[in-house]
Amino acid sequence: MNALTLNQVTFRYGKRLALDGVTLTIDAGETVILLGPNGAGKTTLFSLITGLFAPDEGQIEIDGQPLANTSNALAPLGIVFQAQTLDLDLSVEQNLLYFCDLRGIPRAVAKPRIDEALERMHLGDRRKDKIRNLNGGHRRRVEIARATLHEPTFLLLDEPTVGLDIPTRKDLISYLHNIPSQENCAVLWATHLVDEINDDDRVLILHKGKIQRDGLAHQLVSESNATDLAGVMQEVMDQS
Ligand code: ATP
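Here goes a summary of the coordinates provided. (Residues numbered from 1 in each chain as written. Predicted model: local features only at pLDDT ≥ 70, side-chain atom pairs only at ≥ 80, totals over all residues. Heavy atoms only, no water.)

### Comments concerning the overall build of the chain
When helices and strands are counted, the chain shows seven helices and 10 strands. Relative to the globule expectation of 18 Å for 240 residues, the C-alpha radius of gyration of the chain, 18 Å, shows essentially globular dimensions. When the backbone C-alpha atoms are referred to their principal axes, the chain occupies close to 50 × 40 × 35 Å. The 240 residues of the chain split such that 49% are buried. Put simply, 66% of the contacts in the chain that link residues at least 6 apart link residues at least 24 apart. Summed over its atoms, the accessible surface of the chain is roughly 11600 Å², and 48% of this surface lies on carbon and sulfur atoms. Placing the 24 positive and 33 negative side-chain charges of the chain at their respective mean positions leaves the two points 7 Å apart. (Helix = DSSP H or I, 4+ residues; strand = E, 2+ residues; numbered from the N terminus. Rg over C-alpha atoms; globule rule 2.2 N^0.38 Å. Buried < 20%, exposed > 50% of the residue type's maximum accessible area, 1.4 Å probe, protein only. Contact = heavy atoms within 4.5 Å. Areas by Shrake-Rupley, 256 points an atom, 1.4 Å probe, with all protein chains shown as cover. Lys, Arg positive; Asp, Glu negative; His and termini not counted. Charge placed at Lys NZ, Arg CZ, Asp CG, Glu CD.)

Now the structure itself:
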């Protein structure tokens with residue numbers, strides 16, 4: 001089953017066309033990187049997938065469930081937005097428990113899952129710290145840990161490495177590349193940074209509201225006149 005299906009999705013802000021007939025599928029457990037310059041339509045796409053806006057045209061399905069007419073269609077989704085959404089005055093553990101309570105996860109189930117998620121994100125020794133006392137990289141890791149606590153089958157990450165220092169970014173990128181093999185969870189990860197992408201990652205290049213390329217990074221390079229993915233991006237921007 002597909003984790004995500006978009007069929008001819010179009011969205012306008014007033015007269016401004018932000019997404020123009022976007023069609024794509026993401027398989028269960030697949031990681032896909034959504035690459036696009038500022039203004040390409042990445043945030044708009046995420047707003048539609050999370051049900052914040054409804055498409056003007058087209059359909060969206062998550063795990064085979066149409067978003068438009070299923071009240072619990074968002075249940076399999078884990079989300080890390082660009083803006084930080086943790087409570088600064090609660091501890092790491094309290095933030096995670098609060099999320100589990102909201103999702104209706106019983107404490108007996110929540111506690112071992114929190115232990116595991118903190119372990120995976122190398123945050124075990126920070127669990128009692130208030131978010132206010134963590135740096136940006138640690139806060140981001142708490143958000144990613146939180147987004148996996150209800151065991152989503154599809155994780156959306158909107159530019160998760162923005163504002164992080166280089167070592168933290170490197171750590172996080174390698175963790176994000178390993179999510180599907182560890183947890184059988186599909187991932188859609190938006191970025192405008194080509195250096196976050198491995199040769200064998202599937203990449204969607206979004207520009208001017210359209211998917212301009214869809215393929216493995218090394219294939220996109222070999223099918224172009226460019227020598228690397230940055231060159232492919234440039235080619236796309238010059239052509240469209
Ligand atoms: P960034 O990386 O800068 O966040 P993005 O790829 O997420 O860019 P969007 O924010 O989705 O792009 O914007 C897509 C297009 O829609 C752009 O042309 C943008 O100017 C326009 N847009 C976005 N939000 C609004 C809004 N609230 N009202 C009008 N136009 C908007």
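### Looking at the sheet that holds strand 7 (residues 154-158)
On the basis of which strands lie adjacent, the open sheet formed by six strands has the order 6-7-8-3-9-10 and mixed pairing. The strands lining the two open edges of the sheet, one partner per strand, are strand 6 (77-80) and strand 10 (210-216). Taking each pair of neighbouring strands and ignoring which way they run, the sheet shows an average axis angle of 15 degrees. In the sheet, strand 3 (residues 31-35) pairs with strand 8 (residues 186-191) via five bridges, with the strands oriented parallel. Considered in strand 8, the bridge of L34 is made with A190. Its contacts with the sheet place helix 4 (residues 136-147) against strand 6 and strand 7, and it is angled at close to 170 degrees to strand 6. (Pairing = 2+ DSSP bridges. Axes fitted to C-alpha atoms, helices over the stretch in contact; angles between N-to-C directions.)

### Re helix 1 (residues 42-49)
With seven of eight residues buried, helix 1 is to be regarded as a mostly interior element. Taken together, the buried positions of helix 1 are K42, T44, L45, F46, S47, L48 and I49. Taken from the residues just after helix 1, G51 is the one with a positive phi, measuring 75 degrees.

### Side note on the side chain of E159
Tracing the sequence through the fold places E159 in the loop between strand 7 and helix 5 (166-183). Overall, the relative accessible area of 7% leaves E159 in the buried class. A polar contact of 2.8 Å, which involves the side chain of E159, links it to the side chain of H192. Those residues within four positions of E159 in sequence are excluded, and the remaining contacts are K42, Q82, R140, A190, T191 and H192. (Polar contact = N/O pair within 3.5 Å; in protein donor to acceptor, adjacent residues only side chain to side chain.)

### Details of the pattern of salt bridges
Applying the stated criterion across every chain yields a total of 18 salt bridges. Between K128 and E93 there is a salt bridge, and its shortest N-O distance comes to 2.7 Å. With K128 in the loop between helix 3 (107-120) and helix 4 and E93 in helix 2 (residues 92-102), this pair connects stretches of sequence that are 35 residues apart. R169 is paired through a salt bridge with E196; the nearest N and O atoms lie 3.3 Å apart. Residue R169 is located in helix 5, and its partner E196 is located in the loop between strand 8 and strand 9 (202-207); the two are separated by 27 residues in the primary sequence. Residue classification places R169 among the buried residues on the basis of a relative accessible area of 16%. With a relative accessible area of 1%, E196 lands in the buried category. Through salt bridges that share partners, E93, D115, R127 and K128 make up one connected network. (Salt bridge = Lys/Arg side-chain N within 4 Å of Asp/Glu carboxyl O.)

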